[in-house]
Amino acid sequence: MHHSSTFAELRRGIIEATPILIGVMPFGLILGTRAAQQGMSWLEVVLMMGLNFAGGSEFAAVSLWQSPLPVLLIIGTTFLINSRHILMGVAFIPFIRHLPLKKLLPVLFFMTDESWAMSLADAGKRQQAGLPAFSLPYYCGTAAALYLLWITCGFIGARFGYLLGNVENLGFGMAFPAVFLVLMRGMWRTWRAALPWLASLISAAGVYLLSPHNGWYVLAGTFVGLAWAFFDQGAQHD
């Protein structure tokens, strides 16, 4: 009975993630194609996408990939963009603190914006229904589906994306913003909560207009957004 329930939750996670998967698919293809165009091999693409499971920072790294390689800039950009996972992990604590370390670490490694947002929304529904808030099999279903599709699409893009030519001309670049906006809409609470996003946008746009070719606008937008959220959170507690 327990195994049947686990499989049902795993399957439910995969099914509910399907609309997200459709949006993520072209995003992964574009990343793989662009990485190959920047000179990365298909193996490097697969390793990057598998070990750094975070699309935003991967796109930033690929856009900065050139010769000579700006290693420190890529590391700094990746860290700042992925640092949002620290705040996401904090929001996850009430639901996963009971897990043993051998389960907790994989949960955190495979956590993405999509699986995190879906699991938090599902936890709220389960609490209202009087069920245990966090369903680990459901989370695993969403995370595993996203992970496998992500790497597969990256591989296909890196190996065969050249057949499509310039994929950006096909309009697939709207896939990620569309998925991101849907997730953000589901997490929308107040206008005040949107202010860090606005601050990040304005600062990134300003730096881009001043120096569009070196990638520092990514760092500027990420840092300003995180700093605004941090100080605003502190002001609310004072």
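Since the model is a prediction, treat every value here as computed from it, not as a measurement.

A few points about the packing of aromatic side chains
- Per the stated rule, a full pass over the model turns up nine aromatic pairs.
- Between the aromatic rings of F110 and Y147, the centroid separation amounts to 4.9 Å while the plane-to-plane angle is 90°, which identifies the pairing as edge-to-face. Of the two residues, F110 is situated in the loop between α6 (101–109) and α7 (113–128) and Y147 in helix α8 (residues 136–160); the sequence distance between them amounts to 37 residues.
- In this structure F110 comes out as partly exposed when scored by relative accessible area, which is 26%.
- Under the relative-accessibility criterion, Y147 is labelled buried at 17%.

Quick notes on helix α3 (residues 55–64)
- Among the 10 residues that make up α3, eight are buried, leaving the element largely enclosed by the rest of the structure.
- Every buried residue belonging to α3 is among G55, S57, E58, F59, A60, A61, V62 and L64, and all of these are buried.

Topic: the packing of helix α5 (residues 84–96) against α7
- Contact geometry for α5 and α7: axes closest at 11 Å, N-to-C directions at 25°. For the element pair α5 / α7, the angle class is roughly parallel. As α5 runs across α7, the sense of the crossing is left-handed. Along its contact with α5, which presents R84, M88, A91, F92 and F95, the element α7 presents D113, W116, S119, L120, A123 and Q127.

A word on a nonpolar patch on the surface
- A grouping of L195, L198, L201, I202 and W228 is seen on the molecular surface, where their side chains present a nonpolar patch of about 490 Å² in accessible area.
- If one sorts the elements of the nonpolar patch by residue count, helix α10 (residues 191–210) sits on top with four residues.
- Mapped onto the elements, W228 comes out in helix α11 (residues 216–237).

What about the pattern of salt bridges?
- One pass over the full model with this rule turns up four salt bridges.
- Here R12 and E9 are joined by a salt bridge, their closest N and O atoms 2.8 Å apart. You can see R12 and its partner E9 sitting in helix α1 (residues 2–37), three residues apart, about one turn around the helix.
- Under the relative-accessibility criterion, E9 is labelled buried at 15%.
- Close ionic contact of R12 with D122 constitutes a salt bridge, the shortest N to O distance being 2.8 Å. Taken together, the positions of R12 in helix α1 and D122 in helix α7 put the pair 110 residues apart, joining distant regions of the chain.
- Looking at R12, the relative accessible area reads 23%, which means it is partly exposed.

Criteria and thresholds
Residues numbered from 1 in each chain as written. Predicted model: local features only at pLDDT ≥ 70, side-chain atom pairs only at ≥ 80, totals over all residues. Heavy atoms only, no water. Phe/Tyr/Trp six-rings, centres within 6.5 Å; stacked < 30°, edge-to-face > 60°. Helix = DSSP H or I, 4+ residues; strand = E, 2+ residues; numbered from the N terminus. Buried < 20%, exposed > 50% of the residue type's maximum accessible area, 1.4 Å probe, protein only. Axes fitted to C-alpha atoms, helices over the stretch in contact; angles between N-to-C directions. Parallel < 35°, antiparallel > 145°, perpendicular 65-115°, else oblique. Left-handed = near helix turned anticlockwise from the far one by under 90°. Contact = heavy atoms within 4.5 Å. Patch = residues over 30% accessible without salt bridge, like charges linked within 9 Å, V, L, I, M, F, W, Y side chains within 5 Å. Areas by Shrake-Rupley, 256 points an atom, 1.4 Å probe, with all protein chains shown as cover. Salt bridge = Lys/Arg side-chain N within 4 Å of Asp/Glu carboxyl O.

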